[in-house]
Amino acid sequence: MSRARFLTLAQELGTLVPRARAAALSAAPHRVPTAAFPNTGNARYGPSALRCFHRSSRLAEMKPTCTDGGQSGIETGRSLATPEDLFERLARDSRTKATFNRVLDTFVKRDVRRRGHVEFIYAALSKMPEFGVERDLSVYNKLLDVFPKEVFVPHNFIQRMFNHYPRQQECAVQLLEQMENYGIMPNVETKVLLVQIFGLKGHPVRKYQRLLYWFPRFKNINPYPLPEQLPQDPLDLARLSLARITDNLDAEVTVYQMPYSDVSDAGEEISQPHIVGIQSPQQRSLLARHNPSRPVFVEGPFPLWLRKTCVFYYVLRADPPPPQEQVEEPLDPERSLYYPLALDLDLDRHLGDDDRFEVDEVAEGPVFAMCMAGSGDQATLFKWISGLQETNPVLGRTPTVFRLESVPREIQSAAEAAVEEEHPRSQGMKQ
């Protein structure tokens, strides 16, 4: 081939390449031109192919929507809202069992995968006393239903040995421990839920088995049981408290003054507190033998906790008699047939036996009576002493000394008692 012909063919090819490139760009306008990027390919194998990125027009239209019809205001997208915020938004008006169940249903419908269910369950456990459902077994079962099913079940012995999904198992054990603290006995539905969630060999199922083993044994072990709901009437609560303090079934409870409130003609409010006392026949006989020259003392108030309620009582007591006035009465052998009060046994002892006992004996005076009053001032307690004189005439000849501390309210809750205990401490630190 001559040199002139070769130059002519090269010129024709140079004019055809730009035309082909322009036609390709017009046929695919969405592709990125190769001239915009440098050629990074290997010269041996030709230039490398550039990837084309496409963006769908649907992406701009996607917006997070509400799953509960716009009532809760919680979006399904990523949010910084905590589980406590969910309770505050849905239970803003009322805190009842229905509202608590509605919060659980909202969380379950919010996400199929139940993201954040551990944090939500911990928050729900802390909020249960506020909604009054801390003793409701159906609510605990519904809270267990929040866990995803058949996800945390171990499939081999290695997973069981290394505590498969420990965070979720610890959360379920914490839920069962709260049931144990409130004395809630789990049922068959609780077991079915635990087996579906963690399997038969999980730690929550073992905790459930321990509850079923020990709860029936400890259910009636308390010899002085209390009702689940304490009486709201102050008189009934005082009778229950005094009978609980006194270990004598023959003790008599007497109401010395009924509560009363009225408005006088001058517009002044007139109120009188209740006074309830208790005294046994043995205490009445001890008071009858008391020396009138020695005073008796009214002391108090002393606290008594009944579940989460604190009540206060007062005692009528005396100092121990001096040694010259103490008279030891012989014990009646038939006083108690089940528990003998004295044993006279001649047992063979070794020469090395030590018969000495180091016991700190503190002499305490006798307690003659107890009472609970709506007000702990001296005037109210003097009415109690006046009522005791009807059955104990010796009090009319015996001087009475009042040893009263700061006068609290007769009935307090646990939170109010903690605040009153903290206040004197802060005052002492300031001084």
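Above this note sits the structure.
A quick note: this is a predicted structure, and the numbers were derived from the prediction, not measured.

(A) Representation of the environment of R289 in the model. Summarising the element assignment, R289 is placed in the loop between α11 (281-288) and β5 (296-306). Taking the C-alpha atoms as reference, R289 lies 8.7 Å from V394; in sequence the two are 105 residues apart.

(B) Seen up close, the packing of aromatic side chains. Inspection of the entire model under this criterion finds eleven aromatic pairs. Aromatic side chains F147 and F198 sit 5.5 Å apart centroid to centroid with 70 degrees between the ring planes, which places their arrangement in the edge-to-face category. You can see F147 sitting in the loop between α5 (137-144) and α6 (157-161) and its partner F198 sitting in helix α8 (residues 188-198), a full 51 residues away along the chain. Here the aromatic rings of F302 and Y313 are separated by 5.7 Å at their centres, their planes lie at 40 degrees, and the arrangement is tilted. In this pair, F302 sits in strand β5 while Y313 sits in strand β6 (residues 309-317), placing the two residues eleven residues apart along the sequence. Taking the relative accessible area as the measure of exposure, F302 reaches 31% and is therefore partly exposed.

(C) Inspection of the packing of helix α4 (residues 117-131) against α5 at higher detail. Relative orientation of the contacting elements α4 and α5 amounts to 165 degrees, with a least axis distance of 11 Å. The orientation of α4 with respect to α5, classified from their angle, is roughly antiparallel. You can see that α4 and α5 cross each other, and the crossing is right-handed. The segment α4 lies against α5, with I121, A124, L125 and M128 engaging V139, Y140 and L143.

(D) Quick peek at helix α7 (residues 166-181). Between its terminal C-alpha atoms α7 stretches 22 Å, which fits the 22 Å expected from 16 residues at 1.5 Å a residue. Those residues of α7 that sit buried are Q168, Q169, C171, A172, V173, L175, L176, Q178 and M179. Close packing links the buried residues of α7 with α4, α5, α8 and α9 (203-218).

(E) View of the layout of surface pockets. In this structure, the largest pocket occupies an estimated 690 Å³ of space. As for the largest pocket, its lining consists of 21 residues, and the residues nearest its centre are G183, F218, K219, N220 and E228. Counting residues per element, the ones that place at least two in the lining of the largest pocket are α7 and α9. For the lining of the largest pocket, the leading source of residues is α9, giving six residues. For the lining of the largest pocket, the residue count by class is ten nonpolar, four polar and seven charged.

(F) Region of the structure containing the environment of S293. As for its placement among the helices and strands, S293 is situated in the loop between α11 and β5. Along the backbone, S293 and R397 are 104 residues apart, and their C-alpha atoms lie at a distance of 8.2 Å. Engagement of the side chain of S293 in a polar contact is seen with the side chain of N291, the distance being 2.9 Å.

(G) Structural detail: the environment of V146. Mapped onto the fold, V146 is located in the loop between α5 and α6. Sequence separation between V146 and L104 is 42 residues; the distance between their C-alpha atoms is 7.7 Å. With residues near it in sequence (within four places) discarded, V146 still touches F107, V108, R114, H117, F120 and I121.

Basis of the calculations
The numbering scheme is per chain: residues are counted from 1 as the chain's sequence reads. Per-residue local features of the predicted model are confined to residues with pLDDT of at least 70, and side-chain atom pairs are confined, for both listing and counting, to 80 or more; whole-chain, interface and lining totals are unaffected and use all residues. Hydrogen atoms and water are omitted, and side-chain values are computed over all heavy atoms in the structure. Numbering of helices and strands starts at the N terminus; helices are DSSP runs of H or I of at least 4 residues and strands are runs of E of at least 2. Here the aromatic set is Phe, Tyr and Trp, taking the six-membered ring for Trp, and pairing holds for ring centres within 6.5 Å; pairs whose planes are under 30 degrees apart are stacked, those over 60 apart are edge-to-face, and all others are tilted. Working definition: with a 1.4 Å probe on protein chains only, accessible area under 20% of the residue-type maximum means buried, over 50% means exposed, and in between means partly exposed. Between N-to-C directions, angles cover 0 to 180 degrees, with each direction set by a line fitted to C-alpha atoms, over the stretch in contact for helices. An angle below 35 degrees is treated as roughly parallel, one above 145 as roughly antiparallel, one from 65 to 115 as roughly perpendicular, and anything else as oblique. Handedness of a crossing is defined here by the sense of rotation of the near helix relative to the far one, left-handed for an anticlockwise turn of less than a right angle and right-handed for a clockwise turn. In what follows, a contact means two residues having at least one pair of non-hydrogen atoms within 4.5 Å. Multiplying 1.5 Å by the residue count of a helix minus one yields the expected span of that helix. Using a grid of 1 Å spacing that covers the protein atoms alone, one calls a set of points a cavity when a 1.4 Å probe fits there but cannot get out, and a pocket when the set is open and has protein on both sides within 12 Å along at least five of seven lines; lining residues are those with an atom within 4 Å of a point. Grid points are joined across faces, edges and corners, and a volume is the space filled by probe spheres set on the points. Note that Gly is not counted as nonpolar here; it falls among the polar residues with everything else outside the nonpolar set of Ala, Val, Leu, Ile, Met, Phe, Trp, Tyr, Cys and Pro and the charged set of Asp, Glu, Lys and Arg. We call two N or O atoms a polar contact when they sit within 3.5 Å, provided that within protein one can donate a hydrogen and the other can accept it, with sequence-adjacent residues counted only if both atoms are side-chain atoms.

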